4 protein chains.
Amino acid sequence: MTKTIVAVIGCGTIANSAHIPAYVANKDVEIKYFCDIRKERAEQAVEKYGCGTAVEDYRVILDDPEVMAVSICTPNNVHASIAIDCMRADKHVLCEKPAARTYKEALEMQKVQHETGKTLNIGVVNRFNKGVNIIKQMIESGELGELYHVVVSFRAHRSIPGLGGDFTTKAVAGGGALIDWGVHFLDIVMYCAGDPKPKTVSGQAYSKLGKDMPNYAYLNMWAGPPNYEGSYDVDDFVTAMIRTEGPSITVNGAWAQNIGVDEMYIDFLGDKAGIRLQYGKEFTLYSAQHGALLESTAKYPQNNAFQEEIDGFIAGIHSGEKLPSHIDTVIVTAQMIEAIYRSSEEGREISLLEAGALA
Amino acid sequence: MTKTIVAVIGCGTIANSAHIPAYVANKDVEIKYFCDIRKERAEQAVEKYGCGTAVEDYRVILDDPEVMAVSICTPNNVHASIAIDCMRADKHVLCEKPAARTYKEALEMQKVQHETGKTLNIGVVNRFNKGVNIIKQMIESGELGELYHVVVSFRAHRSIPGLGGDFTTKAVAGGGALIDWGVHFLDIVMYCAGDPKPKTVSGQAYSKLGKDMPNYAYLNMWAGPPNYEGSYDVDDFVTAMIRTEGPSITVNGAWAQNIGVDEMYIDFLGDKAGIRLQYGKEFTLYSAQHGALLESTAKYPQNNAFQEEIDGFIAGIHSGEKLPSHIDTVIVTAQMIEAIYRSSEEGREISLLEAGALA
Amino acid sequence: MTKTIVAVIGCGTIANSAHIPAYVANKDVEIKYFCDIRKERAEQAVEKYGCGTAVEDYRVILDDPEVMAVSICTPNNVHASIAIDCMRADKHVLCEKPAARTYKEALEMQKVQHETGKTLNIGVVNRFNKGVNIIKQMIESGELGELYHVVVSFRAHRSIPGLGGDFTTKAVAGGGALIDWGVHFLDIVMYCAGDPKPKTVSGQAYSKLGKDMPNYAYLNMWAGPPNYEGSYDVDDFVTAMIRTEGPSITVNGAWAQNIGVDEMYIDFLGDKAGIRLQYGKEFTLYSAQHGALLESTAKYPQNNAFQEEIDGFIAGIHSGEKLPSHIDTVIVTAQMIEAIYRSSEEGREISLLEAGALA
Amino acid sequence: MTKTIVAVIGCGTIANSAHIPAYVANKDVEIKYFCDIRKERAEQAVEKYGCGTAVEDYRVILDDPEVMAVSICTPNNVHASIAIDCMRADKHVLCEKPAARTYKEALEMQKVQHETGKTLNIGVVNRFNKGVNIIKQMIESGELGELYHVVVSFRAHRSIPGLGGDFTTKAVAGGGALIDWGVHFLDIVMYCAGDPKPKTVSGQAYSKLGKDMPNYAYLNMWAGPPNYEGSYDVDDFVTAMIRTEGPSITVNGAWAQNIGVDEMYIDFLGDKAGIRLQYGKEFTLYSAQHGALLESTAKYPQNNAFQEEIDGFIAGIHSGEKLPSHIDTVIVTAQMIEAIYRSSEEGREISLLEAGALA
């Protein structure tokens, strides 16, 4: 079989930690281009991985008919335009999460996917996580009984990324803790619960702890160092309550808060059993049998979810299989996030019951 | 000074564990009547405390002009009628929480209080808790900066009281976990946050784990034993999001849930500092100074909040001082609880902005 | 209903910690006699429990037609003779474990039970333990798959009881660690595994750590203090391998050993799941689902197994219900213990396949 | 001194992790041949270690008179035939454990050793472990008093090697957990206890957790990955009770079991002191002195047991010294293992008292 020729657009953290190593480990793939508007980052990738050509302008990739597939690892603000350009240029696309800054942008991406028929997967990598899939199976097999509520908590004491940079600039990122972390948590909930249609969303998003940038105390900063000349206009705390056709969901999330206990979990409450998933770690199942309360921890072989995401993307290009990370499944999460921000601005609940709500 | 003559109506758990011992310990008080429709409980109290007369019908008390003050420790369904009768019969009233089964009943109580001018305090005993008052002072003095959100969690693994009895029968109790536990948690939030006016309420209440009574697994049961012939039609899980003129509030509460981690706390999130109060226990203050993150625990002399509640009630009768447990402050919590139940039934957010909402 | 009149023969530790309190708590029972050859112990019981008459000679009880039921809490050497006398005198009998010193004595007790038709239960109290019964249900419902082996470990660092007393004198107790502790462990295995017929037994019993009495080092001694003038001729370590029609069983037990790690557990190995029961404590279930290994701990309301044993004994007298502690179920454990001692003496495996083996 | 010329037959895991590096580190040795029926493995060794010639057929080695010594690191099924061929071809042999698949094969190897006088050592590497030798000295010097019983436990939750491969195929390996792991544990016991003659053996071996290969849940697999097309007909759990002229021994071993606690230890029970050896790790000594119970851990320089095994083998060739790993000491363990399997098949104890038992 001839190798699938791919290009990586955006050569920052997520490209280097996840996409590129997974492409390199896939024997059916050849990386032809590393692209970054900061050309030295593209050149470093060429040198580090010993393959490909460094380019600054992604239009080089659009014009090369050999390139079948593209990973988009740029900041969020150009996800939509690059993804759309790539699909129109006959490329299959794997775009990092979130799909885009806004629901509207995500809808445009979906529209072009439908028009062109090219693959458009979003980097909701937890859908390839072993533990998450075991939970999904447990829920689907009825082990939890009726799943009536989900408690989502992604609250960190101090974890604002790159203060003053792309992550904390709304025009670039589209939002803060909700769009960056919440997208993963809501996606896991939707995936495990069988993608239930959302009905109402009420939320509040706050920009509090980072806004006084020089006085933001912290121990470590990922995607740092801070740029005190930059801007900070995104949410560092978010709260929401969502009703769906399945369970209701409550969300409390913080990149930073003045509570020193990190709580990163999802509680799936069923009337027969419940599960607490520690994000990125193990889960615990709580049930009852023969009058006893059972607490069960599960051990299973850890998989490399990024590798499965990439391998599935490449295999799907050829087989036509639609993955759970397809834009058609992810679009609902984009709508929910949009609704949380809208509800926060308007101080009232948003109904998603009407067709085309928020579109 | 002549002693204040009091009567205790309802001689169950809360009367015996809190009200009666506190009256006995107050040297200015004489208990004249113990009243209970199950007369043997009244008689046991007479025998146990060595004072008073046992009566079955509270109208004996209404007719006795010597009685100045009454504690109402009955099930919730007769709170309103007895309190109103007592005030109209010229008695001061301390009524256990919740004020009543519904907001409407509570409003009637308040109306009669205003008409008669008699004291009507509700048993929101945490307002007399030392730690809660320290937190209130910290918030009011600005140590937390802007209090923008409060996370309320009163989630127990297995703690349904008296399955099949008064607590789990809506016609008697008015509700379940929310009206029984939530009333305390919301009251602490309102008290500490300066009683901010609520604006919107969205909630869902579920009756799940207790409804299949014979198969409800548990380790201990307070107010038990279970009565499998009785009824179970109240909430054992509740979730809500509330916007106020001050902080937003999210609530997750459970008498029972299939998550085996008890979480009983209130997180006060300020932009300068935050506090986690472990319900009924200590609190921790999280702040930042000189670039360092500080975690502070507070030690203080523990007080007997029930004693202060009772002593304050008796003293207030004579001084005319209005306590923080007055019906006028508690009425808003009753409105919020009503709004959560209403929102749950209607599947949409309830606005409390208009005057007289839900009245 | 008239009360059931009972007598307690032997007023030592087990009578005072278990039998007598349970009779006192049973409203349908009246204790008429406390009997002990050391009469002061009988008299102390009369005084402590405020009922009954103290007697020295149990024949007083035999002669009193009012006495319906007897608890035998004496040393092992008179279990058989007193139980037999009582049944012949028309009394129902609850005899402490072990049934007797030897299989032969136990068979004689069983024979008289069959002749007289009186109840003869043995104090295998774990059959009334909640956790043990949950395990039995799990095994019977097939949750463990095929139960193929059981590992029994009752190994203590230092726990020889009453060095030099009844417990360590073979003529009185019939044996040591095996007959005193092993009887409980084997009984739990037999009960949970559905009382499978034993086929072969190989064992070795050692009398090592206590035999040099003055130099036996220990931290605490139950049923003490030591009597250095007494005798020590029983096993303090025992090992055995047993084949049954169900699982095979290995046993390692020690009242005392020079390994400082107490290990008191039973491992039930099934091909689908397994259970480790910590003796007298909780159990853990190990299974696999959806490719994950699950470790489950069970919480359940702790019951008072002694109370259920006594209540069941009394109720069974009137209802005729045969309890799982009946001599007919316990007799097999007596046979297995006899076989272990015999195998140890003869240095070879004992077959129990022939009818009447060891009888 | 001229170098000793050696050949390594079988270039799999144990050759690469132990034998070859030890030969390379021995300055008196030159490796002339790497032999493997999968020739690429032999070639990889040539490349990796930069010496020797790769051959596919070990008869090349037999025919080369320069080769003085051979390591046999093949699967168990060809241990005997290759070892015999080598000795007859005038080579000294170090054969990996177990000596062979069966006692009969091992006896043939021993017979040829006696006939030829060539060295035949077996890879019972623990006999060169520093801690094991300290324990042996303690026992021999009487510090433990009489060693009356040994508890052997090699129980893993999930550790079946190469499911469906050589390890789990009886025709190749001769057995499973017992022959692969048990051989090491029994060998340590025999070595430390002074190689006491076994008298009776009763055992049961079970093939349970691996037999439904596709549903065997595990976290890691050594000698993997699984071959679901292969066969699984060996023991994954074994239990045994052995009487010797010295201590009795009980064995419980599992490559896999539904108990999630790994227990890999040997308890040496003496009447003065006892030792728990954590396999491959430290040991603890439990004793009593002056009425106190002592728990002692030992620290000592860790040695490389494989290096000592190889160095001793080479030195012994020249000195004629008989090592503790000589076939004459190991043959008894082979007999015991054979007896356990035989006892399991026949459901009865096997006596080894008669001369030539099982031969």
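Remember, it's a predicted structure, so these values are computed and weren't measured experimentally.

## Section: the UniProt feature "domain: Gfo/Idh/MocA-like oxidoreductase N-terminal" (unreviewed entry) in chain A
UniProt feature "domain: Gfo/Idh/MocA-like oxidoreductase N-terminal" (unreviewed entry): in the numbering of this structure it lies at residues 6-123 of chain A. Strand forms 21% of residues 6-123 of chain A and helix 44%; the C-alpha atoms that close the span are 16 Å apart.

## Quick look at the sheet that holds strand β12 (residues 273-278) of chain B
Residues and elements named next belong to chain B. Spatially, the 9 strands line up as an open sheet ordered β14-β13-β12-β11-β7-β10-β9-β8-β15, and their pairing is mixed. Two strands in the sheet have a free side with no partner beyond their single neighbour: β14 (292-297) and β15 (350-351). Sheet topology places strand β8 (residues 198-206) next to β15; 2 bridges connect them, and they run antiparallel. Directly across from Thr-200, in β15, lies its bridge partner Ser-351.

## A word on the pairing of strand β11 (residues 263-270) of chain A
Residue and element names in this part refer to chain A. Here β11 lies mainly inside the structure; 7 of its 8 residues are buried. As judged from the 8 bridges shared by strand β7 (residues 147-155) and β11, these two strands associate in the antiparallel manner. Looking at β11, one finds that Arg-155 is bridged to Glu-263. In this structure, β11 lies alongside strand β12 (residues 274-278), joined through 5 bridges in antiparallel fashion. In the strand pairing of β12, Tyr-265 is matched with Gln-278. Here β11 folds back onto β12, and the loop between the two strands holds 3 residues.

## Observations concerning the interface of chain B and chain A
The interface of chain B with chain A comprises 52 residues on the first partner and 50 residues on the second. Summing both partners gives a buried area of about 4,000 Å² for chain B against chain A, and 57% of it is carried by carbon and sulfur. Three residues stand out in chain B for area buried against chain A, namely Tyr148(B), Asn258(B) and Leu293(B), and they jointly supply 16% of the buried area on that side. Across the contact surface, chain B and chain A share 8 salt bridges. Between Asp271(B) and Lys211(A) there is a salt bridge, with the nearest N and O atoms lying 3.9 Å from each other. At the boundary of chain B and chain A, one finds 31 residue pairs in polar contact (both at pLDDT 80 or more). Elements supplying a minimum of two residues to the side of chain B that touches chain A: β7 (147-155), β8, β9 (237-244), β10 (248-254), β11 (263-270), β12, β13 (283-289) and β14 of chain B. Grouping the amino acids of the side of chain B that touches chain A by side-chain chemistry returns 21 nonpolar, 18 polar and 13 charged.

## Focus on the domain arrangement of chain A
All names here are of chain A. We note that the domain assignment places domain 1 (4-125 + 305-325) and domain 2 (127-303 + 335-351) within chain A. Taking only C-alpha atoms into account, the centre of domain 1 sits 26 Å from that of domain 2. At the interface, 18 residues of domain 1 touch 18 residues of domain 2. Interface area, domain 1 with domain 2, both sides summed: about 1,600 Å², of which 60% is carbon and sulfur. Taken together, the links from domain 1 to domain 2 amount to 1 salt bridge. Notably, a salt bridge pairs Lys-97 with Asp-180, separated by 3.3 Å at the nearest N-O pair. Where domain 1 meets domain 2, there are 11 residue pairs in polar contact (both at pLDDT 80 or more). Examining the composition of the side of domain 1 that touches domain 2, we find that 3 residues originate from one element, helix α9 (residues 305-319), more than from any other. Residues belonging to the side of domain 1 that touches domain 2 are distributed by class as follows: 9 nonpolar, 5 polar and 4 charged.

## Some thoughts on the packing of aromatic side chains
The geometry of an aromatic ring pair is captured by two quantities: the separation of the ring centres and the angle between the planes. The tally for this structure, following the rule as stated, stands at 35 aromatic pairs over all chains. Judged by centre distance (5.9 Å) and plane angle (75°), the ring pair of Phe237(A) and Tyr148(B) falls under edge-to-face. On the criterion of chain membership, the pair formed by Phe237(A) in strand β9 (residues 237-244) and Tyr148(B) in strand β7 is interchain, its members lying in two chains. Like Phe237(A), the residue Tyr148(B) is buried in the burial classification. Where Tyr206(C) meets Phe237(C), the ring centres are 6.3 Å apart and the plane angle is 40°; that geometry is what we call tilted. Linking Tyr206(C) in strand β8 (residues 198-206) with Phe237(C) in strand β9 (residues 237-244), this pair joins segments that are 31 residues apart in sequence. Neither residue differs from the other here; Tyr206(C) and Phe237(C) are each classed as buried. An aromatic cluster is defined as three or more aromatic residues linked by ring pairs; in this entry it consists of Tyr148(A), Tyr206(B) and Phe237(B). Taking the ring centre of Tyr265(A) as reference, the NZ or CZ of Arg276(A) above it sits at 3.7 Å.

## Notes on the environment of Val70(A)
All names here are of chain A. Residue placement: Val-70 occurs in strand β4 (residues 69-72). Taking the C-alpha atoms as reference, Val-70 lies 9.8 Å from Ile-82; in sequence the two are 12 residues apart. Setting aside residues up to four positions removed in sequence, Val-70 forms contacts with Ala-7, Ile-9, Tyr-23, Ile-61, Cys-86, Lys-91, His-92, Val-93, Leu-94 and Phe-313.

## Concerning the relation of the copies chain C and chain D
One copy of the chain maps onto the second through a rotation around an axis plus a translation along that axis. In the superposition of chain C on chain D (RMSD 0.1 Å, axial shift 0.0 Å), the rotation amounts to 180°. Both chain copies can therefore be described as sitting about a two-fold axis. Taken as a fraction of all interface residues of chain C, those also at the interface in chain D reach 100%, which identifies the copy contact as same-surface.

## Here's the deal with helix α4 (residues 79-88) of chain A
For an α-helix the count is 3.6 residues per turn, leaving residues at separations of three or four pointing the same way. Residue and element names in this part refer to chain A. Taking burial as the measure, the 10 residues of α4 include 7 buried ones, the bulk of the element. Among all positions in α4, only His-79, Ala-80, Ile-82, Ala-83, Ile-84, Cys-86 and Met-87 are buried. Next to the buried residues of α4 lie β1 (4-9), α3 (59-62), β4, β5 (92-95), α5 (103-116) and β6 (120-122). Downstream of α4 by one or two residues, Asp-90 has phi in the positive range, about 75°.

## Observations concerning the UniProt feature "domain: GFO/IDH/MocA-like oxidoreductase" (unreviewed entry) in chain A
Mapped onto this numbering, the UniProt entry gives "domain: GFO/IDH/MocA-like oxidoreductase" (unreviewed entry) at residues 135-275 of chain A. Annotated as 18% helix and 30% strand, the span residues 135-275 of chain A places its first and last C-alpha atoms 8 Å apart.

## Points about the side chain of Glu309(D)
All names here are of chain D. Turning to its location among the elements, Glu-309 is positioned in helix α9 (residues 305-319). Arg-127 provides the closest opposite charge to the buried, unpaired Glu-309, separated from it by 9.5 Å. Setting aside chain neighbours within four positions, we find Glu-309 in contact with Leu-94, Ile-122, Gly-123, Val-124, Val-125 and Phe-128.

## Some words on the relation of the copies chain B and chain A
Superposing chain B onto chain A requires a rotation of 180° together with a translation of 0.1 Å along the rotation axis, leaving an RMSD of 0.1 Å. By residue overlap, the copies meet face to face through one surface: 96% of the interface positions of chain B are interface positions in chain A.

## Here we look at the pattern of salt bridges
Overall, the coordinates contain 84 salt bridges over all chains when judged by the stated rule. One salt-bridge network, held together by shared partners, links Arg155(A), Glu263(A), Asp267(B) and Arg276(B).

## A look at the interface of chain C and chain D
On the side of chain D, 51 residues touch chain C, which itself brings 50 residues to the contact. When chain C packs against chain D, the two sides together hide about 4,000 Å² of surface, and 57% of this comes from carbon and sulfur. Broken down residue by residue, the surface that chain C buries against chain D is led by Tyr148(C), Asn258(C) and Leu293(C), which jointly contribute 16%. Connecting chain C to chain D are 8 salt bridges. Linking chain C with chain D are 32 residue pairs in polar contact (both at pLDDT 80 or more), by the criterion used here. Where the side of chain C that touches chain D is concerned, the elements lending two or more residues are β7 (147-155), β8, β9, β10 (248-254), β11 (263-270), β12 (274-278) and β13 (283-289) of chain C. When residues of the side of chain C that touches chain D are assigned to their parent elements, the largest contribution, 6 residues, is made by β11(C). Classifying every residue of the side of chain C that touches chain D by side-chain character gives 19 nonpolar, 18 polar and 13 charged.

## Observations concerning the pairing of β9(A)
Residues and elements named next belong to chain A. Within β9, 8 of the 8 residues are buried, which leaves it mostly tucked inside the rest of the structure. Relative to β9, strand β8 (residues 198-206) runs antiparallel, the two being bridged by 8 bridges. Residue pairing across strands places Ala-205 opposite Val-238, the latter belonging to β9. As judged from the 6 bridges shared by β9 and strand β10 (residues 248-254), these two strands associate in the antiparallel manner. Residue pairing across strands places Thr-239 opposite Asn-252, the latter belonging to β10. Between β9 and β10, which pair antiparallel in sequence order, lie 3 residues.

Rules of the game
- Residues numbered from 1 in each chain as written.
- Chains lettered and ligands numbered in written order.
- Predicted model: local features only at pLDDT ≥ 70, side-chain atom pairs only at ≥ 80, totals over all residues.
- Heavy atoms only, no water.
- UniProt positions renumbered as here; feature names shortened; annotations may be inferred.
- Helix = DSSP H or I, 4+ residues; strand = E, 2+ residues; numbered from the N terminus.
- Pairing = 2+ DSSP bridges.
- Buried < 20%, exposed > 50% of the residue type's maximum accessible area, 1.4 Å probe, protein only.
- Contact = heavy atoms within 4.5 Å.
- Buried area = accessible area lost by both parts, 1.4 Å probe.
- Salt bridge = Lys/Arg side-chain N within 4 Å of Asp/Glu carboxyl O.
- Polar contact = N/O pair within 3.5 Å; in protein donor to acceptor, adjacent residues only side chain to side chain.
- Nonpolar A, V, L, I, M, F, W, Y, C, P; charged D, E, K, R; others polar.
- Domains from an automatic or database assignment.
- Phe/Tyr/Trp six-rings, centres within 6.5 Å; stacked < 30°, edge-to-face > 60°.
- Lys NZ or Arg CZ within 6 Å of the ring centre and 35° of its normal.
- Least-squares fit on C-alpha atoms with pLDDT ≥ 70 in both.
- Lys, Arg positive; Asp, Glu negative; His and termini not counted.

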